[in-house]
Amino acid sequence: MEKGLYLVISGPSGVGKDTVAKKLGGWISVSATSRGIRDGEEEGVNYFYHSREEMEALIARGELLEYTLYNGEYYGTPLQPIRDHFANGELVILVIEVEGAANVKKAIPDAVTVFIMPPSMEELRERLINRKTETAEQVEGRMQIAVREMEIGKTEYDYIVVNQEIEQAVSDILKIVEEEKKRR
Ligand code: 5GP
């Protein structure tokens with residue numbers, strides 16, 4: 001059977017990484033988090049929502065491949081599902097932030113990492129404001145995180161893809177996946 005591929009996607013909040021990831025046709029890992037559920041989100045679809053204590057228990061039991069504290073909340077990747085889907089020969093997609101991506105790369109050196117950049121910082125701020133899921137203060141918090149993340153993105157990832165246009169970004173990433181599969 002064909003082997004699977006681990007694809008880690010990061011990018012600043014608002015860059016459109018979830019939209020791009022959904023169009024790749026792989027299996028997308030559902031993370032566990034302690035952050036509150038947003039309007040339009042669903043348990044088990046966007047995240048598995050837990051209390052902080054539950055997240056700490058998952059970490060203590062070693063049930064997460066990696067985890068991080070982001071904006072004061074826990075986020076982590078459940079280990080067993082990604083193993084199962086990889087064993088099944090699937091493209092396993094992790095949409096996670098930069099620290100988590102670095103930890104995945106340490107644990108799974110074969111994982112392919114892609115950082116998605118916005119066309120510009122102004123465009124990113126506009127997208128964050130327009131999606132109306134954060135307060136003005138939260139938007140500024142996310143912009144500050146974005147600046148730091150993009151510095152890391154420029155140096156620490158295998159590939160950088162600019163999300164100027166969604167279909168183009170999707171096809172760029174699919175090309176990367178095909179090339180990486182050939183190399184193995
Ligand atoms: P949001 O609150 O906007 O859904 O996610 C905040 C950040 O956490 C995003 O950059 C998202 O990619 C990242 N994230 C989501 N799940 C995980 C995870 O399981 N592990 C890590 N390290 N980051 C995650």
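A brief look at the structure comes next.

Basis of the calculations
- Residues numbered from 1 in each chain as written.
- Predicted model: local features only at pLDDT ≥ 70, side-chain atom pairs only at ≥ 80, totals over all residues.
- Heavy atoms only, no water.
- Core = buried A, V, L, I, M, F, W, Y, C linked by side-chain atoms within 4.5 Å.
- Buried < 20%, exposed > 50% of the residue type's maximum accessible area, 1.4 Å probe, protein only.
- Helix = DSSP H or I, 4+ residues; strand = E, 2+ residues; numbered from the N terminus.
- Contact = heavy atoms within 4.5 Å.
- Axes fitted to C-alpha atoms, helices over the stretch in contact; angles between N-to-C directions.
- Left-handed = near helix turned anticlockwise from the far one by under 90°.
- Nonpolar A, V, L, I, M, F, W, Y, C, P; charged D, E, K, R; others polar.
- Near = heavy atom within 4 Å.
- Polar contact = N/O pair within 3.5 Å; in protein donor to acceptor, adjacent residues only side chain to side chain.
- Areas by Shrake-Rupley, 256 points an atom, 1.4 Å probe, with all protein chains shown as cover.

Membership of the largest hydrophobic core comes to 24 residues, with the highest contact counts inside it found for Leu 7, Ile 9, Leu 24, Ile 93, Val 114, Ile 116 and Ile 173. At the level of elements, strand S1 (5-10), helix H1 (17-22), strand S7 (91-95), strand S8 (112-117), helix H5 (121-130), helix H6 (136-156) and helix H7 (166-183) are the ones that each hand at least two residues to this core. Sorting elements by how many residues they give to this core places H7 first, with five residues. Residues in contact with Leu 7, not counting those within four places in the same chain, are Leu 24, Leu 91, Val 92, Ile 93, Leu 94, Val 112, Val 114, Ile 173 and Val 177.

Positive phi, close to 50°, is recorded for Asn 71, a residue that is not glycine. Tracing the backbone shows Asn 71 in the loop between strand S5 (64-70) and strand S6 (73-78). Its relative accessible area of 45% is what places Asn 71 among the partly exposed residues.

The geometry of H5 relative to H6 is characterised by a closest axis approach of 10 Å and an angle of 140° between their N-to-C directions. In terms of crossing hand, the pair formed by H5 and H6 is right-handed. Between H5, through Met 121, Leu 124, Arg 125, Leu 128 and Ile 129, and H6, the contact on the second element is made entirely by Val 139, Glu 140, Arg 142, Met 143, Ala 146, Val 147 and Met 150. Across the contact of H5 with H6, the residue classes break down as nine nonpolar, no polar and three charged.

It is worth spelling out the site of the ligand at this point. Every one of the 16 residues lining the ligand counts as a neighbour, but Ser 31, Arg 35, Tyr 47, Tyr 75 and Glu 97 are closest to it. Between an oxygen atom of the ligand and a side-chain N or O atom of Ser 31, the distance comes to 2.6 Å. Between the ligand and Gly 76 there is a distance of 3.0 Å, counted from an oxygen atom to a backbone nitrogen or oxygen. Relative to its unbound accessible surface of 510 Å², the ligand loses 94% to contact with the protein. The set of elements that each furnish at least two residues to the shell around the ligand consists of S5 and S6. Class assignment of the residues belonging to the shell around the ligand gives a composition of five nonpolar, five polar and six charged.

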